[in-house]
Amino acid sequence: MSRRTRTIIIALMLAAVLVPLIPLVLWSFTDIWPFDQPLPSFSLRSWEATLRNSQVIEALINSLVLCVVVVSLSLAMSFFAAKNLGTRRFKGRRLIQFLLLVPSFIPQIALVFGMQRVFSQIGLYNNYAGVVVALLVFYVPYMTLLLSAVFEGYDMDYERQAKSLGVSSWNILWHVTLPAVRSGVIVSCIFNFIGVWAAYLVVSAVAHPTFRTMSLLAFPMISSASNGYAATACVIFLYILPILLILIFFSKLLVTDTDRPDTNQTGGML
Amino acid sequence: MSFLALEHVSKTYQGMADPVVDDLSLDVEKGEIVVLLGSSGCGKTTLLKTIAGLETQDAGTVSIDGECVDGINAEKRPIAMVFQKALLFRNMTVEQNINFAPRVNRTMEKAEMAAKVEEMLELIEMKGMGKKKATELSGGQEQRVSLARALMTNPKILLLDEPFSALDAQLRVTMRQHIKRINQALGTTMVFVTHDQQEAVEVADRIALMHGGRILQYAKPIDFYERPNSRAVADFFGWRNFVPAQKNGACIECALGTFDFEGCEAADGSVDLAIRPEAVICANDMSNAASTDLPYEGTLLDVMPQGPFTLCRVSCKGVELELLVKATEAPTLGDTFCFGLNKRMMWPVA
């Protein structure tokens, strides 16, 4: 692919992501927008109100904490399992991969109400711990599947080589394995982050109505726009912002990934 | 006591009926290059990985410098290994690749490490290339860096698993010379795995020819050309003619005549007299042939040019022989072919 073609494709992709945000940005800064005016009269009134709203701030903090905790825990819990699943060929491997898909097949609604009942009996209802456990049920298998695909292309000989040079297991993990699968791990974490950030049904089932997250706050607002378009636009913008920031932060790494032991190792995933 | 000693080592992989390494014993002296030679699947790489600690043997012991290393993890063994692929870390420079182990393990001071890297670069004849990226190297350079990376850890034993098999023929010759030179300069004990007979002969102080997880013969390279201990060994080393014979003590009797072979360990009775194709001594006519040990007159069945040599299939005294003749002396089909045989290239095998 020529440089020019690539630039055009990237520009089109960026446009597809950013253009729909233009009305949102406009609305969030709107004071009044009479129907006969091409542009609204701008003000920061809605933003000030949104950022002063304790429910929004609480939801934002809760969502960020949940994302960081769930993504970190699911990464820690799934990394070595995924590595074995991706690099080793053993009897029953396909069955395990199928079982990991099961939580994705079964509609969440079928599970979450059972969870709600059990969680309320064991003191996990309507608190951080309960929400984290409930989300891990869905996102650990998901992360394991994603990472096992990353490890499919991983060459274990690099680790054997390092081992034969006397490098300790911790240093092998840090200096050999992680750099080799870094991009795949980042992509998997981003997918999980987005999933946890947008989780509505699971969170609302095991922690509602006093526990607030951005999705619990944003979805009813979007469906009713009861607080007015400007306030809704502000909340939606805050809802989208972390995901956009993460994508922007990691985009350079994901587009030009040359900083790993062997660039041919995890190509399938990326 | 041997520097590296393997005693009755066996290894069977899960799901396989036959052992990959079967009750194998091997002694390697300090500073020696021993080549494990054999065709694919004969167990040589498994044996190498067992020495390295990357595989665990089912039975037997491995000792290094008098110390049993069974149960010691690969990273704790005084060994370094060079693999078939160079396995350089592509996000690093040549220098970073070479000092990888001491740098990440923090086992060397910075100044000492820098000096050692320079020493290694000089040893592999890549001085001044330390700042180059690993991705900018040729195949031969990559393998040399891999070698330097292994030597950087001061291993007591260096294991090399077909390190040059992916390189072109000319480069392989150069790399073999590098190995010999490094061995002479550092005195590092090396165990080298290859399936290439020529490579084995050029590099080895001793060769262990393997088949079916066992060592068929463990000897100096010249012995495989002069005294193979079995027909399988002779086959592998290019002995193409096997004439049925009877052995009685040192006396061997076959259709081509009677010969004396001192020191042959084959049991008395039926044996094969192995004859290398290069054993032929050419004579253009019978008068010249008469000046050689054993003059024969044969019928030429086939002539196959092979560059500077020509392979001739000859029928002589009821025996078919394949003989390698210099192209300039090659007979043409229909000629009577007169020749002698060099007894140093004949040996009875069971």
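Given the structure is predicted, the values throughout are model-derived calculations rather than measurements.

Chemist: For the sheet that holds strand β14 (residues 269–275) of chain B, give the residues involved together with the corresponding values.
Modeler: All names here are of chain B. The strand order β13-β12-β11-β14-β20 describes an open sheet built from five strands, whose pairing is antiparallel. Each end of this open sheet is capped by a strand with a single partner; those strands are β13 (257–260) and β20 (346–349). On average, each strand axis in the sheet is inclined to that of its neighbour by 35 degrees, with strand direction left out of account. Bridge count for strand β12 (residues 251–254) against β13 is four bridges, and the pairing is antiparallel. Paired with Cys254 across the strands is Gly257, a residue of β13.

Chemist: Kindly report on the packing of helix α4 (residues 54–87) of chain A against helix α9 (residues 169–198) of chain A, identifying the contributing residues and their values.
Modeler: Residues and elements named next belong to chain A. Contact geometry of α4 with α9 gives a least axis separation of 9 Å together with a crossing angle of 135 degrees. Between α4 and α9, the angle is such that the two are oblique. Remark: the crossing between α4 and α9 carries right-handed chirality. Residues Ser63, Leu66, Cys67, Val70, Val71, Ser74 and Leu75 of α4 touch α9, and the partners they reach there are Cys189, Asn192, Phe193, Val196 and Trp197. Residue composition of the contact of α4 with α9, grouped by class: nine nonpolar, three polar and no charged.

Chemist: Mind laying out the nonpolar core, listing which residues take part and the relevant values?
Modeler: If you look at the biggest cluster of nonpolar residues, it comprises 160 residues, and the most contacted ones within it are Leu135, Val196 and Val206 of chain A together with Val35, Leu159 and Val191 of chain B. By residue number, the principal contributor to this core is helix α7 (residues 128–152) of chain A, which donates eleven residues. Each of domain 1 (4–225) and domain 2 (277–344) of chain B gives at least three residues to this core. If sequence neighbours within four positions are ignored, Leu135 of chain A has contacts with Leu66, Val70, Val196, Ala199 and Val202 of chain A.

Chemist: So what about the domain arrangement of chain B? Which residues, and what values?
Modeler: Domain assignment breaks chain B into domain 1 (4–225) and domain 2 (277–344). Between the C-alpha centres of domain 1 of chain B and domain 2 of chain B there is a distance of 42 Å.

Chemist: Can you break down the sheet that holds strand β4 (residues 59–64) of chain B residue by residue, with the values?
Modeler: In a beta sheet, neighbouring strands are held together by backbone hydrogen bonds and run either parallel or antiparallel to one another. Residue and element names in this part refer to chain B. With antiparallel pairing, four strands are arranged side by side in an open sheet as β2-β1-β4-β5. Sheet topology places β2 (21–28) and β5 (67–68) at the edges, where each strand pairs with a single neighbour. Looking at chain direction, strand β1 (residues 4–11) and β4 are connected through five bridges and run antiparallel. Considered in β4, the bridge of Leu4 is made with Ile64. Strands β1, β2 and β4 of the sheet are contacted by helix α1 (residues 44–52), whose axis makes an angle of about 60 degrees with β2.

About the thresholds
- Residues numbered from 1 in each chain as written.
- Chains lettered and ligands numbered in written order.
- Predicted model: local features only at pLDDT ≥ 70, side-chain atom pairs only at ≥ 80, totals over all residues.
- Pairing = 2+ DSSP bridges.
- Helix = DSSP H or I, 4+ residues; strand = E, 2+ residues; numbered from the N terminus.
- Axes fitted to C-alpha atoms, helices over the stretch in contact; angles between N-to-C directions.
- Parallel < 35°, antiparallel > 145°, perpendicular 65-115°, else oblique.
- Left-handed = near helix turned anticlockwise from the far one by under 90°.
- Contact = placed C-beta atoms within 7 Å.
- Nonpolar A, V, L, I, M, F, W, Y, C, P; charged D, E, K, R; others polar.
- Core = buried A, V, L, I, M, F, W, Y, C linked by C-beta atoms within 7 Å.
- Buried ≥ 20, exposed ≤ 12 C-beta atoms within 10 Å, placed from the backbone.
- Domains from an automatic or database assignment.

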